[in-house]
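A structural walkthrough
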Amino acid sequence: MIVVRPLDRSDLEAVIADLPARAPDMHRRRLEQHESGDSVWFVAWLDGRAIGFVGVGMQNDRDVDEMVEARGYALVEDLYVEDAYRRRGAARALMDAIEGVAREAGMPGMILDTGVDEYFTPARALYSSLGYVDQGGVYLGGWSDPDRPGVNLVDPLTAWIKHF
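A brief look at the structure comes next. Values in this document were obtained by computation on a predicted structure and should not be read as measured data.

**Observations regarding the pattern of salt bridges**
Counted under the stated rule, the structure contains nine salt bridges. A salt bridge links Glu35 to Arg9; the shortest N-O distance between them is 2.6 Å. A residue pair is termed long-range when its members are at least 10 positions apart, and Glu35 in helix α2 (residues 24-36) and Arg9 in the loop between β1 (2-6) and α1 (12-18) qualify at 26 residues. Using a relative accessible area of 44% as the deciding quantity, one classes Glu35 as partly exposed. The salt bridge involving Asp83 is made with Arg86; its shortest N-O contact spans 2.9 Å. Classification of Asp83 by relative accessible area gives exposed; the value is 55%. Under the relative-accessibility criterion, Arg86 is labelled partly exposed at 30%.

**Section: helix α5 (residues 121-129)**
Along α5, the positions that sit buried rather than exposed are Arg124, Leu126 and Tyr127. Down the axis of α5, the buried side of the element spans an arc of 160°, and every buried residue falls inside it. Check the buried side of α5 and you find it contacts β4 (74-81), α4 (90-104), β5 (109-115) and β8 (152-163). Trailing α5 by a residue or two, Gly131 shows a phi angle of about 95°, which is positive.

**Points about the packing of aromatic side chains**
All told, the structure shown has five aromatic pairs when counted by the stated rule. Clustering of aromatic rings is evident, with ring pairs tying together Trp41, Phe53 and Tyr80. Over the aromatic face of Tyr80 sits the side chain of Arg22, whose NZ or CZ is 4.9 Å from the ring centroid. The ring of Phe164 has Arg103 lying over it, and the distance from NZ or CZ to the ring centre is 4.0 Å.

**Observations regarding the side chain of Thr158**
Assignment of secondary structure puts Thr158 in strand β8. A polar contact of 2.9 Å, which involves the side chain of Thr158, links it to the side chain of Trp160.

**Regarding the nonpolar core**
Residues Val76, Met95, Ile98, Met110 and Tyr132 are the most contacted members of the largest nonpolar core, which totals 25 residues. Ranked by residues supplied to this core, first place goes to α4 with seven residues. Excluding its chain neighbours within four sequence positions, the residues that come into contact with Met95 are Val54, Val76, Leu79, Leu112, Tyr127, Leu130 and Tyr132. Counting 12 residues, the second-largest nonpolar core is a separate cluster that includes Leu19, Trp45, Phe53 and Tyr80.

Rules used throughout
Residues numbered from 1 in each chain as written. Predicted model: local features only at pLDDT ≥ 70, side-chain atom pairs only at ≥ 80, totals over all residues. Heavy atoms only, no water. Salt bridge = Lys/Arg side-chain N within 4 Å of Asp/Glu carboxyl O. Helix = DSSP H or I, 4+ residues; strand = E, 2+ residues; numbered from the N terminus. Buried < 20%, exposed > 50% of the residue type's maximum accessible area, 1.4 Å probe, protein only. Arc of directions from axis to C-beta. Contact = heavy atoms within 4.5 Å. Phe/Tyr/Trp six-rings, centres within 6.5 Å; stacked < 30°, edge-to-face > 60°. Lys NZ or Arg CZ within 6 Å of the ring centre and 35° of its normal. Polar contact = N/O pair within 3.5 Å; in protein donor to acceptor, adjacent residues only side chain to side chain. Core = buried A, V, L, I, M, F, W, Y, C linked by side-chain atoms within 4.5 Å.

Shown next, in the form of structure tokens:
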């Protein structure tokens, strides 16, 4: 059975070992964000192994980039499930967990972005089945990877919103 729970300091080494798709320092930064209350991170577990994660950030008017991106909604951050564990309900359980946090915080809904290429087809199907609506159009989302200096990426993305 898949268990979803908030990221905890005691789980950090297992998360780093089990989820190598993100750099160890990224997992550490996310734990710091979680502990400081800047965002809430959840980890999905199966048989004692970390198999996925997702975060949610509440509207933060201290950071203009985040405020513009989130548009007043709770912002889904980096939903990921290891390839070998996909299509077992982990992503849905992770999304349910962060939606609960956003509802408790009184947010009007959730917003996320996702890629438009074929790789993201299952993610878009999941978001649609959860009640998220594609806002139409494609925009270019750029980001820099803090764990790989000099790596700057630009991806075509679509925005999805779910109203509560």
